[in-house]
Amino acid sequence: MLSYRGLLDDASKTLYHCSETPRIDAEYLLQHVVDKSLAWLISYGDQAATVEHTLAFQDLVQKRAEGIPVAYLLGYREFWTLKLRVNDHVLIPRGDTEILVEQALSRIGKDHSQTVLDLGTGSGAIALSVAKERPQSEVIATDSSELALEVAKANARSNQVENVSFVVSDWFCEINSHRFDVILSNPPYVHPEDPHLNQGDLRFEPLNALVSGSDGMKDLELIISQSPRYLTSGGWVVLEHGYDQAEAVRALLSAHGFSNIDLYADLNHLPRCTAAQKV
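The sections below set out a description of the structure shown in this document. All values derive from a computational prediction rather than experimental measurement. (Residues numbered from 1 in each chain as written. Predicted model: local features only at pLDDT ≥ 70, side-chain atom pairs only at ≥ 80, totals over all residues. Heavy atoms only, no water.)

**A word on the overall build of the protein**
Filter applied, for reference: Secondary structure follows DSSP: runs of H or I at least 4 residues long count as helices, runs of E at least 2 residues long count as strands, and numbering of each begins at the N terminus. Our radius of gyration is a C-alpha quantity, and the globule rule it is checked against amounts to 2.2 Å times the number of residues to the power 0.38. The classification of residues rests on relative accessible area computed with a 1.4 Å probe and restricted to protein chains. Under 20% of the type maximum is buried, over 50% is exposed, and intermediate values are partly exposed. Only heavy atoms enter the contact rule, under which two residues are in contact if any of them lie within 4.5 Å. Exposure was quantified through the Shrake-Rupley algorithm and a 1.4 Å probe, taking into account, for residues, occlusion by the shown protein chains and nothing else.
Looking only at helices and strands, the protein has ten helices and nine strands in total. Relative to its length of 279 residues, the protein is compact, with a C-alpha radius of gyration of 21 Å against a globular reference of 19 Å. Counting only C-alpha atoms and orienting by the principal axes, one finds that the protein spans roughly 65 × 40 × 30 Å. The proportion of buried residues among the 279 residues of the protein is 51%. Considering only contacts within the protein whose residues lie at least 6 apart along the sequence, 66% involve residues at least 24 apart. Of the roughly 13500 Å² that the protein leaves accessible, carbon and sulfur atoms contribute 49%.

In structure tokens form, the structure reads like this:
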């Protein structure tokens, strides 16, 4: 019978050729199975693993070896200060998107109420992170997928975020006459022929939340062109985009009358987020 450390060692070898982080993946999966911290696994790793734990862990490792993302196997992903439920109806929140949250918060005052719109909320990662940090503000989160919104609503409840409401909407279609101080979005922006779509976790994530039009820019163009009519004077739009789309996004924002256009890098020091202000 293997010890818990032995299970980790074997799993790391199994996942070596299909994951960039085989040991970390194995640790997350085993923590989930035994419902213990990594510190516990390190301290008690020499204990013999129970049959129940062994079988459950090996099943998850096999699924991971088939490519299923760790977040989908665990059923959650940590993002900002939140623990978010995820499934195959939503994109897996990524650390690179936290730069969007940072820039949004820097433009939302702490001392008075502001209105915020998160377009294409998915799991609710952006909307809930902002709403949690700015409880005096009103956040509206939209998505065209009712299944995605069910995930986001569940995340609002589990993280006790009450100042956010959810609307089924294809971008601005159901927003009507609302005006917002800040509009946020991490829209689909991947080119349909991008080879990364056939690699790693992206193979299992919803394609319509990744790919945009024939060149990856369709949804960014729509959001930028329509945002001015939904923003208050001096309001901000903050967008995530591809590392190679920064100049195109800047040109679009400038063409639609935005000023104070600033670009921000993600955790990998790649251009990932642009903020701009309505004149």
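**Overview of the packing of aromatic side chains**
Selection criterion: By convention, a stacked pair of Phe, Tyr or Trp rings (six-membered ring in the case of Trp) has centres within 6.5 Å and planes under 30 degrees apart, an edge-to-face pair has planes over 60 apart, and any other such pair is tilted. When the NZ atom of lysine or the CZ atom of arginine is within 6 Å of a ring's centre and also within 35 degrees of its normal, the charge is said to sit over that ring.
All told, the structure shown has three aromatic pairs when counted by the stated rule. Above the plane of the ring of Trp 236 lies Arg 107, whose end atom (NZ or CZ) is 4.4 Å from the centre.

**Details of unusual backbone geometry**
Excluding glycine, residues mostly have negative phi values, and the peptide bonds linking residues are mostly trans. Here Asp 35, not a glycine, exhibits a phi torsion of approximately 60 degrees, which is positive. One non-glycine residue with positive phi stands out, namely Asn 260, at about 50 degrees. Structurally, Asn 260 is set in strand 8 (residues 258–265). Exposure remark for Asn 260: the relative accessible area of 45% places this residue in the partly exposed category.

**Observations regarding the pattern of salt bridges**
We apply this condition: Note on definitions: salt bridges are taken to be side-chain nitrogens of Lys or Arg within 4 Å of carboxyl oxygens of Asp or Glu.
Following the criterion strictly, the structure yields nine salt bridges and no others. Of the charged contacts, one joins Asp 59 and Lys 63 as a salt bridge, the two residues approaching to 3.4 Å between their closest N and O atoms. Of this pair, Asp 59 and Lys 63 are both found in helix 4 (residues 51–65), four residues apart, which corresponds to roughly one turn of the helix. A salt bridge links Asp 201 to Arg 64; the nearest nitrogen and oxygen atoms lie 3.4 Å apart. Taken together, the residues Asp 201 in the loop between strand 6 (180–185) and helix 9 (218–226) and Arg 64 in helix 4 connect sequence positions 137 residues apart.

**Re the nonpolar core**
Where we set the bar: The criterion is simple. A nonpolar core is a set of buried Ala, Val, Leu, Ile, Met, Phe, Trp, Tyr and Cys residues joined through side-chain atoms within 4.5 Å.
Ranked by internal contacts, the top residues of the largest apolar core, which has 31 residues, are Leu 128, Val 130, Val 164, Phe 166, Leu 184 and Val 238. With six residues, helix 7 (residues 125–133) is the largest single contributor of residues to this core. In this structure, Leu 184 is in contact with Leu 100, Ala 104, Val 116, Leu 117, Asp 118, Leu 119, Ile 126, Val 130 and Val 238, ignoring residues within four places of it in sequence. Ranked by size, the runner-up nonpolar core spans 23 residues in total, among them Leu 119, Ile 183, Tyr 189 and Val 249.

**Section: the packing of helix 6 (residues 98–105) against helix 7**
Just so we agree on the cut-off: Axis definition: a line fitted to C-alpha atoms, over the contacting stretch in the case of helices. Angles run 0 to 180 degrees between N-to-C directions. Throughout, a crossing is termed right-handed when the near helix is turned clockwise from the far one, and left-handed when it is turned anticlockwise from it by less than a right angle. By the convention adopted, Pro, Cys, Tyr, Trp, Phe, Met, Ile, Leu, Val and Ala count as nonpolar, Lys, Arg, Asp and Glu as charged, and the other residues, Gly among them, as polar.
Where helix 6 meets helix 7, the closest approach of the two axes is 10 Å, and the angle between their N-to-C directions is 35 degrees. For the pair helix 6 and helix 7, the sense of crossing is right-handed. Along its contact with helix 6, which presents Leu 100, Val 101, Ala 104 and Leu 105, the element helix 7 presents Ile 126, Ser 129, Val 130 and Glu 133. Of the residues belonging to the contact of helix 6 with helix 7, the class tally is six nonpolar, one polar and one charged.

In short, the description is geometric, and any link to function would need to be established separately.
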